[in-house]
Amino acid sequence: MSTTPIDNNSRAPVTVRTLRHMKEEGEKIAMLTAYDASFAHVLAEAGVDIVLVGDSLGMVVQGHDTTVPVRVDDMVYHTRCVAARAGHMLIMADMPFMSFRDPVHALDNATRLMQEGGAHMVKLEGAVTEVVAALAGQGIPVCGHLGLQPQSIHKLGGYRVQGRDSEAAAAMREDALRMQDAGADMILLECVPVDVAREISEELAVPTIGIGAGPHCDGQVLVLQDLLGITPGRRPRFAQDFLSESTEPGGIPAAIARYVTAVKEGRFPDARHSFE
Ligand code: KIV
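These numbers come from a predicted model, not from an experiment. (Residues numbered from 1 in each chain as written. Predicted model: local features only at pLDDT ≥ 70, side-chain atom pairs only at ≥ 80, totals over all residues. Heavy atoms only, no water.)

1. Quick word on the overall build of the protein chain
Formally: Secondary structure is summarised from DSSP: a helix means a run of H or I of at least four residues, a strand means a run of E of at least two, and numbering begins at the N terminus for each. In this description the radius of gyration comes from C-alpha coordinates, and the expected globular size is given by 2.2 Å times residues to the power 0.38. Exposed residues in this analysis have more than 50% of their type's maximum accessible area, buried residues have under 20%, and partly exposed residues fall in between, with area computed by a 1.4 Å probe over protein chains only. Working definition of accessibility: Shrake-Rupley area with a 1.4 Å probe, residue cover restricted to the visible protein chains. For the purpose of charge, His is not counted, nor are the chain termini; Lys and Arg are scored as positive and Asp and Glu as negative. Charge coordinates come from a single atom per side chain, which is NZ of Lys, CZ of Arg, CG of Asp or CD of Glu.
Across its full length, the protein chain carries 11 helices and 8 strands. For 276 residues, the compact-globule estimate of 2.2 N^0.38 gives 19 Å, and the C-alpha radius of gyration of the protein chain, at 17 Å, lies within 12% of that figure. The dimensions of the protein chain, computed from C-alpha atoms along their principal axes, are 50 × 40 × 40 Å. Per-residue burial for the protein chain yields a buried fraction of 53% across its 276 residues. Counting every atom, the protein chain has about 12,200 Å² of accessible surface; 51% of that belongs to carbon and sulfur. Each charge sign in the protein chain was given a centre, from 24 positive and 36 negative side chains, and these centres are 2 Å apart.

Below you can see the structure in the form of structure tokens.
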């Protein structure tokens, strides 16, 4: 175990204002998931802007087949672990399945994620504008999650690209605008055709973050395990193994730094990771 002093706090904290400014300036936002303090520290050192404590932890940490079993207690615990070493990064925590089914539950559970977990922003799946308005009205930063919504996997019947036909694409654009109007500070787009994500990103004043949504979003996110090539089974098309697909030294910290640089320079994602 290293006794080297930890200093990942030298950069100014990333806030919602920083993120808006980055969008205005055309600087890409690098976001990545983490679920514990050790990796949070590595991400901060690598220059990640936003750490997402995703409910993907249900799959990559807990070993479930979906994110549905994840509980608010799990999210609070892992958010607290990440917050211990998050340095300058903005900490975004997922609101798990059924934890935001009405404004009262959403307010109670977001309060726990912020007060007990140390989150700075919460993310929730779906065009739940009433809930977003309630959270935003209490000063809680919110990221909406549109496109593929893994918490609805049993209803969707599979992980598929969303918004491919013109009607679905128009509905998604409408939803994104309504979420912004309700007070969302950011919109995450998962598995969305490149052109639909580009149009939404151009229309919104708040930043968009893509995963499988092409290069025109204002930022990108990956699940850490996908980036490290340790996802069980087949790696999703939108992911890249930044660890083993490089001959450079430096192990995991260098792989994460390569991801950050590739996002900032607009080299990731490219057409191989995107959907038409
Ligand atoms: O839970 C998660 O990690 C996520 C990403 C897939 C964006 O929501």
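2. Brief notes about the packing of aromatic side chains
Rules: When two rings of Phe, Tyr or Trp (its six-membered ring) have centres within 6.5 Å they constitute a pair, described as stacked for plane angles under 30 degrees, edge-to-face for angles over 60, and tilted for the intermediate range.
Within the structure shown, the criterion is met by 3 aromatic pairs. Residues phenylalanine 242 and phenylalanine 268 carry aromatic rings whose centres are separated by 5.4 Å and whose planes lie at 80 degrees to one another, so their mutual orientation is edge-to-face. Taken together, the positions of phenylalanine 242 in the loop between α10 (224-227) and α11 (251-264) and phenylalanine 268 in the segment after α11 put the pair 26 residues apart, joining distant regions of the chain. By the burial criterion, phenylalanine 242 is buried, and phenylalanine 268 matches it. An angle of 65 degrees between the planes, with centres 6.0 Å apart, marks the rings of tyrosine 259 and phenylalanine 268 as edge-to-face. Like phenylalanine 268, tyrosine 259 is buried. Put simply, the rings of Phe242, Tyr259 and Phe268 touch in pairs and so form one group of aromatic residues.

3. Side note on the sheet that holds strand β3 (residues 90-94)
Put simply, the rule reads: Strand pairing follows a simple DSSP-based rule, namely that at least 2 bridges must link the two strands. Interaxial angle, 0 to 180 degrees, is taken between N-to-C directions of lines fitted to C-alpha atoms, where a helix line uses only the stretch in contact. Contacts are assigned to residue pairs that have any heavy atoms within 4.5 Å of one another.
With parallel pairing, the 8 strands of this closed barrel are ordered in space as β1-β2-β3-β4-β5-β6-β7-β8. Neighbour-to-neighbour, the strand axes of this sheet turn through a mean angle of 25 degrees, independent of strand direction. The pairing of strand β1 (residues 29-33) with strand β8 (residues 219-222) spans 4 bridges and is parallel. In the strand pairing of β8, isoleucine 29 is matched with glycine 219. Sheet strands touched by helix α8 (residues 166-182): β4 (121-125), β5 (142-147) and β6 (186-190). Its angle to β5, the strand with the most contacts, is close to 175 degrees.

4. Re the site of the ligand
The test is simple: Residue proximity to a molecule or strand is established when one non-hydrogen atom of the residue lies within 4 Å of it. What qualifies as a polar contact is a pair of N or O atoms within 3.5 Å, subject to a donor-acceptor requirement within protein and to the restriction that residues adjacent in sequence count only when both atoms come from side chains. Under the grouping applied here, Gly and all other residues not named as nonpolar or charged are polar, the nonpolar ones being Ala, Val, Leu, Ile, Met, Phe, Trp, Tyr, Cys and Pro and the charged ones Asp, Glu, Lys and Arg.
The immediate surroundings of the ligand are formed by 13 residues, with Gly54, Asp55, Ser56, Asp94 and Lys123 found nearest. One of the side-chain nitrogen or oxygen atoms of aspartate 55 is found 3.0 Å away from an oxygen atom of the ligand. One of the side-chain N or O atoms of aspartate 94 is found 3.0 Å from an oxygen atom in the ligand. Its residues assigned to classes, the shell around the ligand comprises 5 nonpolar, 4 polar and 4 charged.

5. Focus: the pairing of β6
Just so we agree on the cut-off: Note on handedness: a clockwise path from strand one over the helix to strand two, with the strands aimed away from the viewer, defines a right-handed crossover.
Of all 5 residues in β6, 5 are buried, a share of seventy percent or more. Residues of β6 alternate between two faces, with Met186, Leu188 and Glu190 on one and Ile187 and Leu189 on the opposite face, all of them buried. Across 5 bridges, the pairing between β5 and β6 is parallel. Within the sheet, the bridge partner assigned to histidine 145 lies in β6 and is leucine 188. As paired elements, β6 and strand β7 (residues 208-211) share 4 bridges and run parallel to each other. Paired with leucine 188 across the two strands is isoleucine 209, which belongs to β7. Where the polypeptide runs from β6 across helix α9 (residues 194-203) and back to β7, its parallel neighbour, the crossover connection is right-handed.

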